[in-house]
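Summary of structural features
What follows is the residue order along each chain.
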Amino acid sequence: MAEAAAGASLDRALKSVKGDVFSINDDGTYTISLTFNPYRFKRHVLRALFRVRQAVFNMIWPLNPVIFAGGVTGVVVKVLSSPSGSWWRSGGLAEFLWKVDNLLPWEQGLPVQARVAGLSLWAAITGLVGISFVQRSVLRTLLQYQGWMWLEHGQKLTVLQKLWFMSVKVLSGTKPSLYNFQGCLPSLPVPNLKGTTTKWLDSVKPLLNDAEYKEMENKVEKFLKNEGWKLQMMLYIQSMYKTSWLWDWWEKYVYLRGRAPIMINSNYYIIDSLDWVPTTNQAARTAGLLNQADKFKSLVDWERLEPMRLQKTIPWCMKQYERIFDTTRVPGRECDVVNHYELDPERYCAVTRKGVWYKLAMTGKGKNGKWRTALPHELEQQIAWIMQDADARPAPEGENAIAAFTGWHRGRWAESREEFFWEGLNKESLDIVERAFMHFSLNDTACASLTDQARMLMHSDGKTTWFDKSVTFNSFPDGHAGMSAEHSFADALTVAHMWEWCTTGERLQGGIYREDGHCKGFEDTAFEQVALKPPKRLSWDVSPPMIKSIQEAVAHNVALISDLDLNVFKHETFGKGFMKKAKISPDAFFQIAMQLAYRMDAGKPALTYEASVTRLFAQGRTETVRSLSIESAAFVDAMLSQDASDAERVAKLSAAADKHASLYKHAMVGGGIDRHLFGLYVTSVGLGYDSDFLKSALKMPWTLSTSQTPQKQTEGRWNPEGSDACRISPGGGFGPVAENGYGVSYMFGNDNVIFVHVSSKHSAVETDSKRFERNIVKALGDIKRLVETDMAAKAAAKNK
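Residues numbered from 1 in each chain as written. Predicted model: local features only at pLDDT ≥ 70, side-chain atom pairs only at ≥ 80, totals over all residues. Heavy atoms only, no water.

A short note on the overall build of the chain
Formally: Only runs of H or I of at least four residues qualify as helices and only runs of E of at least two qualify as strands under DSSP, and these elements are numbered from the N terminus. Atoms considered for the radius of gyration are the C-alpha atoms alone. The globule rule reads 2.2 Å times the number of residues to the power 0.38. Only the protein chains shown count as cover for residues, with accessible areas throughout obtained via the Shrake-Rupley method and a probe of 1.4 Å. The convention is simple: Lys and Arg are positive, Asp and Glu are negative, and His and the chain ends are not counted. Taken as the charge location is NZ of Lys, CZ of Arg, CG of Asp or CD of Glu.
Scanning the chain for helices and strands turns up 24 helices and 22 strands. Taking 800 residues into account, the globule formula puts the C-alpha radius of gyration at 28 Å, and the chain, at 30 Å, falls close to it. With the model as given, the accessible surface of the chain reaches about 36,100 Å², and the carbon-plus-sulfur share is 57%. One way to put it: in the chain the 95 positive side-chain charges average out to a point 6 Å from where the 87 negative ones average out.

Here's what the structure looks like:
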């Protein structure tokens, strides 16, 4: 019995890799087939050599490799050319090196000059590596300082601050590669426990009556006296041996262990330009974006992308860029995993149209017989072929909705994956999709509005988007495009930077497209025209039980989609230009307006989440800005009170804006409270503590979940405030976090425009996205009129 079970287990294991290495013969024997692809082997070798080179370069950074090599050569030449009695040959350091030389028996048989050359080479390399290490250590120490964060706009720097900025710039070297700063960034600090609980009590005070607040104070006091300090100590210990005490926990427990569908609940979307498209030819637009995405991927893979720096000086963590491409989230029964196929040198894209899946190679042989990246006009031909093939031969029922599994409950998807995709044709096709560097969906219907486009990007029809892929690009028949992203591997700011780079790259250096809409080179003999192999159409073995599961997944996804109440609107009355003129932070202005809007909408305050970033630290991700504060609640009370004067309202507005700016800055420098509470809770569960305070704190729903994404993150590629104003993007959005709450994403398009994405659920009786839009617009207008009245009064008083 045991042998039979072992044999069956072996059969199952071998069948799971059938078609890759093993094949099973009819007589029960196994055949091992090995293939050799010179191109893929070359890519493996180049990648390995690149890793070695980068390890060396990172070891000597911030010294330039040329300067390092020149310094080493200069020292060796100087030592060899110096007389034997000079310091270079007989000084204290030289004597020490000769003692080291005497300990190496194989050196004794070499000529003296060879020994001198070897010792001087070793000494020069060691010395310069040591200097580089000291430079990096000093830079890391300097980056611990974050006082610059509290400088007001236009405020003059002190002498010490000027020296700090100059020192950081000098020590950062020239032309740093993508990950050069990673070893210099400080670690995310563990906030003070008493400070966190005090800030938390302040943040919930507007939500609680006196009795409820007193109860929370008692829970906090009990927590601090009992388990709190023990949990804090464990976080301190975790921070001592990890680059980030938060990174792994955040990805695992916030994202990967979540069993709810990631469609709508986790994934997010980004829209392209509002009123402008570079071409109305869908195949050409798809090819252009694919070409740009492939270029961005190459910059990341070979670490040539310039790292982001605040004020062109202070570096941000770039670790999230590692997994933008070649990444797929794979479902598990209890916990998902993120697979990154970094070492797979085959570059291709998974493309879908009308539920038909294709493998589109990004490389091909040129006329010289050498492999190269496919050019945009060649990709356009391939895309056009896919569109024609899918339209002429649509996928049969069931097979056209394979991707519906990825929008389903994670546990159900894991079970279906184990049942239907573990061997044969389905496993082969699944591997192709999951190992693709990205997914591109060719939609066959144009969108009538921004909201329609947003919905299509967020969830499509619930059965043709592979929601597990790190990024999915979409194109439409009218030339518009957009994308969606899986959330666990990176945050929206990182992915939005990539999207902006790709869309701006379409028109740089003369652009990709001709006046007739085709890619430059399309059917043009002046360009190289290589007949590439047609994309591979994927096939699936869809059995009746599998069709039943697909139908269940589709029904589930359609229900989720139907429940989503999404509305995208453009606010053109005024934008950040007026807010800056009023000397109020645009972000604070809008967040305070949302507090007023929600009070108008629901008649009560809302616990509010605004996403901030902690990328000033190594492996930094996000932190929460609790926009509902005592000060913002007081301003809303004054705005809704008939007894409050405008002067009182303006004073409370100023206090609320200052408080919001302070909260945001503290969140960026590791002084937020929610990631700390999360870490304490994870630790309490691991140690078996039942913390009444932590459970109470973390179960409070984020009724208002908000996020702002900047319009521009790239340098020198476009000007949204000037010549490229027609190309501004409405940004993107996400689904509601709380059952009875709103998800609000906003973007300041330029000085005069604000784009707002509002999501909620139709099944929630308390919410209505269109109604909340009206309240946001009214709140913005009310605050603007208040500020204008105050500005006019001050101007009149000044002129007297």
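Following the structure, the description resumes.
Description of a nonpolar patch on the surface
Under the convention used in this document: Patch criteria: residues need more than 30% relative accessible area and no salt bridge. Like-charged residues are merged within 9 Å; nonpolar side chains of Val, Leu, Ile, Met, Phe, Trp and Tyr are merged within 5 Å. Every case where a carboxyl oxygen of Asp or Glu lies within 4 Å of a side-chain nitrogen of Lys or Arg is listed as a salt bridge. Categorising residues by exposure relies on relative accessible area from a 1.4 Å probe, with only protein chains included: less than 20% of the type maximum marks a residue as buried, more than 50% marks it as exposed, and the intermediate range marks it as partly exposed.
On the surface, a cluster of nonpolar side chains totalling about 800 Å² of accessible area is made up of Met-233, Met-234, Tyr-236, Ile-237, Met-240, Tyr-241, Leu-687 and Tyr-689. Looking at the nonpolar patch element by element, the count peaks at 6 residues for helix H9 (residues 210-241). Given a relative accessible area of 35%, Met-234 falls into the partly exposed group.

Things to note about the pairing of strand E14 (residues 481-485)
Note the following rule: A strand pair is defined by DSSP finding two or more bridges across the two strands.
Among the 5 residues in E14, 5 count as buried, and that is most of the element. The alternating pattern of E14 places Ala-481, Met-483 and Ala-485 on one face and Gly-482 and Ser-484 on the opposite face, and all of these are buried. Sheet analysis places strand E3 (residues 268-271) next to E14, joined by 4 bridges and oriented antiparallel. Across the sheet, the residue bridging to Tyr-269 is Ser-484, located in E14. Note that strand E13 (residues 471-475) and E14 share 5 bridges and pair antiparallel.

Considerations on the pattern of salt bridges
All told, the structure shown has 49 salt bridges when counted by the stated rule. For Arg-347, the salt bridge goes to Asp-294, with nearest N and O atoms at 2.6 Å. Of this pair, Arg-347 sits in the loop between strand E7 (337-340) and strand E8 (348-353) while Asp-294 sits in helix H11 (residues 282-301), placing them 53 residues apart in sequence. In this structure Arg-347 comes out as buried when scored by relative accessible area, which is 10%.

A look at the sheet that holds E3
Applied cut-off: The criterion used for residue contact is that any of the two residues' heavy atoms lie within 4.5 Å. Axis angles are defined between N-to-C directions and span 0 to 180 degrees, where every axis is a line fitted to C-alpha atoms and, for a helix, only to the segment in contact.
Here 8 strands make up an open sheet; going across it, the order is E15-E9-E8-E12-E13-E14-E3-E20 and the pairing mixed. Where the open sheet ends on each side, the last strands, each with one partner, are strand E15 (536-537) and strand E20 (732-734). Across 6 bridges, the pairing between E8 and strand E9 (residues 356-361) is antiparallel. Each residue of the ladder has a partner; that of Thr-352, found in E9, is Trp-357. Seen against the sheet, helix H12 (residues 376-392) touches E8, E9, strand E12 (439-442) and E15 and runs at an angle of roughly 160° to E9. Running over the sheet, helix H14 (residues 424-435) touches E8, E9 and E15 and is turned about 110° from E8.

Re the sheet that holds strand E17 (residues 608-613)
What the 6 strands build is an open sheet, ordered E16-E22-E21-E19-E17-E18; its pairing is mixed. With partners counted over all chains shown, the strands left at the sheet margins are strand E16 (564-571) and strand E18 (622-626), one partner each. Pairs of neighbouring strands in the sheet enclose a mean axial angle of 25°, with direction left out of account. Across 5 bridges, the pairing between E17 and E18 is antiparallel. Bridge assignment links Ser-612 to a residue of E18, and that residue is Glu-623.

Description of the packing of aromatic side chains
Rule in force here: Note on aromatic pairs: the rings of Phe, Tyr and Trp (six-membered ring only in Trp) are paired at centre separations within 6.5 Å, and the planes decide the class, stacked below 30 degrees, edge-to-face beyond 60, tilted for the rest.
Per the stated rule, a full pass over the model turns up 32 aromatic pairs. Centre to centre, the rings of Trp-250 and Phe-678 are 5.2 Å apart; their planes meet at 85°, and the pair counts as edge-to-face. Here Trp-250 is found in helix H10 (residues 247-256), whereas its partner Phe-678 is found in helix H22 (residues 674-687), with 428 residues between them in sequence. Residue classification places Phe-678 among the buried positions, given a relative accessible area of 12%.

Some points on the packing of H10 against H22
Applied cut-off: Orientation labels follow simple angle bins: below 35 degrees gives roughly parallel, above 145 gives roughly antiparallel, 65 to 115 gives roughly perpendicular, and whatever is left gives oblique.
As a packed pair, H10 and H22 sit with axes 11 Å apart at the nearest point and diverge in direction by 80°. Considering the angle they form, H10 stands roughly perpendicular to H22. For the pair H10 and H22, contact is made by Trp-249, Trp-250, Tyr-253 and Val-254 and by Arg-675, Phe-678, Gly-679, Val-682 and Thr-683, respectively.

Here we look at the side chain of Asn-750
Stated precisely, the cut-off is as follows: Here a polar contact means two N or O atoms within 3.5 Å. Within protein one must be a hydrogen donor candidate and the other an acceptor candidate, and residues neighboring in sequence count only if both atoms are side-chain atoms.
Its place among the elements puts Asn-750 in strand E21 (residues 742-750). Note on Asn-750: relative accessible area 8%, which makes it buried. At a separation of 3.3 Å, a polar atom in the side chain of Asn-750 contacts the main-chain amide nitrogen of Val-753.

So, the side chain of Ser-705
Along the chain, Ser-705 falls in strand E19 (residues 704-708). If sequence neighbours within four positions are ignored, Ser-705 has contacts with Tyr-609, Phe-734, Val-737, Tyr-742, Gly-743 and Val-744.

Description of the nonpolar core
Formally: Among buried residues, those of type Ala, Val, Leu, Ile, Met, Phe, Trp, Tyr and Cys that are joined through side-chain atoms within 4.5 Å constitute a nonpolar core.
In terms of nonpolar packing, the biggest core is built from 54 residues, with Leu-139, Trp-148, Trp-200, Leu-616, Leu-680 and Phe-693 touching the most fellow members. Looking at this core, the element that brings in the most residues is H9, giving 6 residues. When near neighbours in sequence (up to four residues on either side) are disregarded, Leu-616 contacts Trp-148, Met-149, Leu-185, Pro-186, Leu-310, Ile-314, Pro-315, Trp-316, Met-668 and Val-669.

A closer look at the environment of His-340
Secondary-structure assignment places His-340 in strand E7. Taking the relative accessible area as the measure of exposure, His-340 reaches 29% and is therefore partly exposed. With 97 residues separating them along the chain, His-340 and Phe-437 place their C-alpha atoms 9.6 Å apart. Apart from residues no more than four positions distant in its own chain, His-340 is found in contact with Glu-322, Arg-323, Phe-325, Asp-326 and Thr-327. Within the structure, the side chain of His-340 is placed 2.9 Å from the side chain of Thr-327, a separation counted as a polar contact.

Digging into the pairing of E12
For the record, the criterion: With its strands directed away from the observer, a crossover is right-handed exactly when the path from the first strand over the helix to the second travels clockwise.
Taking every second residue as pointing to the same face, both faces of E12 are buried, with His-439 and Ser-441 on one and Phe-440 and Leu-442 on the other. Judged from the 3 bridges that link them, E8 and E12 form a sheet pairing that is parallel. Among the inter-strand pairings, Thr-352 is bridged to a residue of E12, identified as Ser-441. Examined bridge by bridge, E12 and E13 share 4 bridges and lie parallel to one another. Of the residues in E13, the one forming a bridge with His-439 is Thr-472. For the crossover from E12 across helix H15 (residues 450-459) to E13, the handedness is right-handed.

Examining helix H7 (residues 159-171)
Applied cut-off: The span you would expect from a helix comes to 1.5 Å times its residue count less one. The arc under discussion is defined with respect to the helix axis, by the directions toward the C-beta atoms.
Compared with an ideal rise of 1.5 Å per residue, which puts 13 residues at 18 Å, H7 spans 18 Å between its outermost C-alpha atoms and is within 8% of the ideal. Taken together, the buried positions of H7 are occupied by Gln-161, Trp-164, Phe-165, Val-168 and Leu-171. The arc that holds every buried residue of H7, seen down its axis, measures 145°, which confines them to one face. With respect to the buried face of H7, the exposed residues turned more than 90 degrees away are Val-159, Met-166 and Val-170. Close packing links the buried residues of H7 with helix H6 (112-142) and strand E5 (314-315). Gly-173 lies just past H7 and shows a positive phi near 70°.

What about unusual backbone geometry?
Note that the residue after Trp-61, namely Pro-62, is joined by a cis bond; omega there is 15°. In this fold, Pro-62 is placed in the loop between helix H2 (38-60) and helix H3 (65-81). Here Lys-175, not a glycine, exhibits a phi torsion of approximately 50°, which is positive. Looking at the element boundaries, Lys-175 is found in the loop between H7 and helix H8 (193-204).

Describing the environment of Val-558
If you trace the backbone, Val-558 turns up in helix H17 (residues 544-563). Spatially, the C-alpha atoms of Val-558 and His-459 are 9.5 Å apart, while their sequence positions differ by 99 residues.

Some points on the confidence of the model for the chain
Condition: Each residue gets a pLDDT score, which is the predictor's confidence in that residue and runs from 0 to 100.
With 94% of its residues at a pLDDT of 70 or more, the chain has an overall mean of 91. This stretch, residues 1-21, has a pLDDT under 50; its non-local contacts, to residues over four places away or in other chains, come to 21 contacts.

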